[in-house]
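Listed here are the chains, written in short residue letters.
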Amino acid sequence: ALLQPIGVDPVFADNPDNKIALHQLESLIRHAYEMTADDLLGLHHGEFIERSMSHILGYILMNCETVEEALYKYCHYEKIVNDISETTYARESDSLRVTISLESASPFFARYFVEYTFAATRQYVKILTKKDIAIDEVSFVHKRPNDISEYVRIFQCPVHFSAAANVLTIPH
């Protein structure tokens, strides 16, 4: 039901090694937005990531001993699961600074993707540490929506918009 409107044969999804093109993925996300009427679909999608919903990279991350080790491996192996973004991290005194950049995505898809990835990262940190570790702050390059209450609820930290980069800062 989701793949047909974007021109992908549903049989295509039977092979986990198949990948769809960025324009098809963006069409799929637009279709999901229309079906759900959820302007914060990326945040809400990322919020419900679970160990059982993961891909091969997720299983690698769940076997790391520290958050920093998981970030290192994610950055190193990211291209296994996506070739549309580049994630980097840097250790700064008492925190880990995670930055996501997207080169060729539309502003619509970039917002979805970054919100999803940061919300999912927060969930992975909870799963990995078995603690609800506070996020220090999160910054997005996209404009501030009228209502930011869901961002505050999910991240539980200062949230910035129209920033120079998409950055999630995690205490170390």
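Preceding this section is the structure that the text describes.
Reading guide: rules and limits
- Residues numbered from 1 in each chain as written.
- Predicted model: local features only at pLDDT ≥ 70, side-chain atom pairs only at ≥ 80, totals over all residues.
- Heavy atoms only, no water.
- Helix = DSSP H or I, 4+ residues; strand = E, 2+ residues; numbered from the N terminus.
- Buried < 20%, exposed > 50% of the residue type's maximum accessible area, 1.4 Å probe, protein only.
- Contact = heavy atoms within 4.5 Å.
- 1 Å grid on protein atoms, 1.4 Å probe; cavity = no way out; pocket = protein on both sides within 12 Å on 5 of 7 lines; lining within 4 Å.
- Points joined across faces, edges and corners; volume = space filled by probe spheres on them.
- Nonpolar A, V, L, I, M, F, W, Y, C, P; charged D, E, K, R; others polar.
- Pairing = 2+ DSSP bridges.
- Axes fitted to C-alpha atoms, helices over the stretch in contact; angles between N-to-C directions.
- Expected span 1.5 Å × (residues − 1).

A.B. asks: If you had to explain the environment of A165 to someone new, which residues and values would you point to?
C.D. replies: Mapped onto the elements, A165 comes out in the loop between strand 4 (159-160) and strand 5 (166-171). Relative accessible area serves as the criterion here: at 28%, A165 is assigned to the partly exposed category. Each C-alpha atom of the pair A165 and F140 lies 6.4 Å from the other, and the pair is 25 residues apart in sequence. Apart from the residues within four sequence positions on either side, A165 is in contact with T99, S139, F140 and V141.

A.B. asks: Please set out the layout of surface pockets residue by residue, giving values where relevant.
C.D. replies: Within this model, the largest pocket holds a volume of roughly 1,700 Å³. What lines the largest pocket is a set of 49 residues, and nearest its centre among them are L25, H55, V81, N82 and Y116. Looking at the lining of the largest pocket, the elements that each hand over two or more residues are helix 1 (22-36), helix 2 (41-47), helix 3 (56-62), helix 4 (67-77), strand 2 (95-102) and helix 5 (107-129). Within the lining of the largest pocket, the residues separate by chemical class into 36 nonpolar, 10 polar and 3 charged.

A.B. asks: Outline the environment of Y116, supporting the account with residue identities and numerical values.
C.D. replies: Along the chain, the position of Y116 falls in helix 5. For the pair Y116 and L96, spaced 20 residues apart in sequence, the C-alpha to C-alpha distance is 19 Å. Here Y116 is in contact with G42, L43, H45, G46 and I49, once residues within four sequence places are set aside.

A.B. asks: Which residues make up the sheet that holds strand 5, and what values go with them?
C.D. replies: The 5 strands are arranged 1-2-5-3-4 in an open sheet whose pairing can be described as mixed. At either end of the open sheet lies a strand with only one pairing partner, and these are strand 1 (85-92) and strand 4. Across 8 bridges, the pairing between strand 1 and strand 2 is antiparallel. Paired with R91 across the bridge in strand 2 is L96. Most of the contacts of helix 4 go to strand 1, to which it runs at about 150°, and overall it touches strand 1, strand 2 and strand 5.

A.B. asks: Give me the lowdown on helix 5, citing residues and values where you can.
C.D. replies: Because an α-helix completes one turn every 3.6 residues, residues spaced three or four positions apart along the sequence face the same direction. Between the first and last C-alpha of helix 5 there are 33 Å, a value that for 23 residues agrees with the 33 Å anticipated at 1.5 Å per step. Just downstream of helix 5 lies K130, where phi reads positive at about 60°.

A.B. asks: Quick one: what's the story with unusual backbone geometry, residue by residue and with numbers?
C.D. replies: Its identity as a non-glycine residue notwithstanding, A37 has a phi of 55°, on the positive side. For A37, the location among the structural elements is in the loop between helix 1 and helix 2. Although it is not a glycine, K130 sits at a positive phi angle of roughly 60°. Relative accessible area serves as the criterion here: at 71%, K130 is assigned to the exposed category.

Structural measurements only, silent on function.
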